[in-house]
Amino acid sequence: MKTGNKIALFYTTITIGIIAMVTVVFYFVATNYISRLYYSYLTEKAYAIAEKHWEKDEVDEEDYARIQKHYEETLPVASEILLNADSLAETRTVLSRYLTDDKISDLYNGNVARFHKDKEFGAAVYYPDNEGNFIVVVISSNQYGGDIQQRIGWLLLAMLVVSAVLVYFVGRLYATRMVDRIDAAYQSEKSFISNASHELNNPLTAIQGECEISLLKERTPAEYQAALGRIASETKRIIQLMKNLLFLSHGDKEILKNERETVLLADFLMQFVGNRIRFTTDNFAFVIQANPYLLKIAINNILNNACKYSGEAPVEMRLKGATLTITDTGIGIPEEEITRVYQPFYRASNTREFAGHGIGLSLSMRILRTYGAEVNILSEVGKGTTVAIEFP
């Protein structure tokens, strides 16, 4: 079984287990409430029967009419048993069919006795009167309540099944996406480490080679200076690479911790103008909140790429509204590789003859997106590339 399915099944089991427990508790609370409510109706019916039979001689006609009406309105379908409480032996014989000895004793003490036998519910009340002491037993089948309980049971079961299916498929979809995301992150990190190791290995190998060659025999001062120059160059390359790697390892929150200030973008971009880079704008007043040092790194990396891959041709930089575009007429990027050039260390297949590490653009993207800018690349092989930066 795939990992995503295992995770989905595990969490579905836990979730449905919790839902099932809540459902069972709800079912028993609901059915218990229905039963208690029906017992109260039975008790009310028992007292109505007692008043109908033994209060006629004690109240006037108007009050008795109300008693009669109340009797007719309470549980019309019910069996009635009237017993003389003073005839202990005979009454106990009848009551023992429905009640235990303890409940019979409680009944004689004035408490309401409730019972459930087969599919029938019953209530017995002790009713003292001037004509004597009596016991009224009311028995009825709670057909309506039973139907409600059955409907609730089936409804809860259906909801449980539907919930299980929904939770499983939603969980599987979510788990699959998460696993794919984790796998992609793992592969990206693995590729990052592999590429970083490779990029660091190249200058280190060059430094080691220069040292070994220089130590093979005596060299002239000029040869030593040339070797040291190459070693210094490779060392600078390593230092710059390490700085870029360290910066790429920072989270967005860490980048945002760098001190920001209000940057008048048009004036800021003027520092890049010269030689082959041209700049035009229609919005001299546009400002952004950013760290000037980091913003300079981001823009400079994109401009360096534009200059590097376009030979001696000029590079156009234009600020229109809140969008900055950097356009070159260089070698371009293959269409199927545009989405991949954002990745650290990835270099397009037509850039092999140009020096570079494949970090500059990804570094620029990281900085710009942290400040809320959207970066899009439009390119065509042999015609050039346009990088559009839309600031918030």
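Going by an unreviewed UniProt entry, the protein chain carries the name histidine kinase and comes from Parabacteroides acidifaciens. Within the UniProt record for the protein chain, the comment given under Catalytic activity (unreviewed entry) is "ATP + protein L-histidine = ADP + protein N-phospho-L-histidine."

1. Brief notes about the UniProt feature "transmembrane region" (unreviewed entry) in the protein chain
UniProt marks residues 7–30 and 152–171 with the feature "transmembrane region" (unreviewed entry), using the numbering shown here. In residues 7–30, the share of helix is 100% and the share of strand is 0%. The end C-alpha atoms are 34 Å apart. As annotated, residues 152–171 comprises 100% helix and 0% strand, and the C-alpha atoms at either end are separated by 27 Å.

2. A short note on the packing of helix 3 (residues 88–95) against helix 4 (residues 101–108)
Here helix 3 crosses helix 4 at 125 degrees, and the two axes come no closer than 11 Å. The angle between helix 3 and helix 4 falls in the class oblique. Along this stretch, helix 3 crosses helix 4, giving a crossing that reads as right-handed. Contact with helix 3, carried on its side by L88, T91, R92 and L95, involves I104, S105, L107 and Y108 of helix 4 and no other residues of that element. Per-class residue counts for the contact of helix 3 with helix 4 are five nonpolar, two polar and one charged.

About the thresholds
In this convention, every chain numbers its residues from 1, walking through the sequence in written order. For this predicted model, a pLDDT threshold of at least 70 governs which residues receive local features, and a threshold of 80 or more governs which side-chain atom pairs are given and counted, while totals over whole chains, interfaces and linings are taken from all residues. Values reported for side chains reflect all heavy atoms of the structure, with hydrogen atoms and water molecules removed beforehand. UniProt positions are given in the numbering used here, feature names are shortened, and annotations may be inferred rather than shown by experiment. What counts as a helix is a DSSP run of H or I of at least four residues, what counts as a strand is a run of E of at least two, and both are numbered from the N terminus. To define axes, lines are fitted to C-alpha atoms, for helices over the stretch in contact only, and angles between the resulting N-to-C directions are given on a 0 to 180 degree scale. Roughly parallel means an angle under 35 degrees; roughly antiparallel means over 145; roughly perpendicular covers 65 to 115; every other angle is labelled oblique. Left-handed describes a crossing whose near helix is turned anticlockwise from the far helix through less than a right angle; right-handed describes the clockwise counterpart. Working rule for contacts: check all heavy atoms of both residues, and any pair within 4.5 Å makes them a contact. Residues are grouped as follows: Ala, Val, Leu, Ile, Met, Phe, Trp, Tyr, Cys and Pro are nonpolar; Asp, Glu, Lys and Arg are charged; every other residue, Gly included, is polar.

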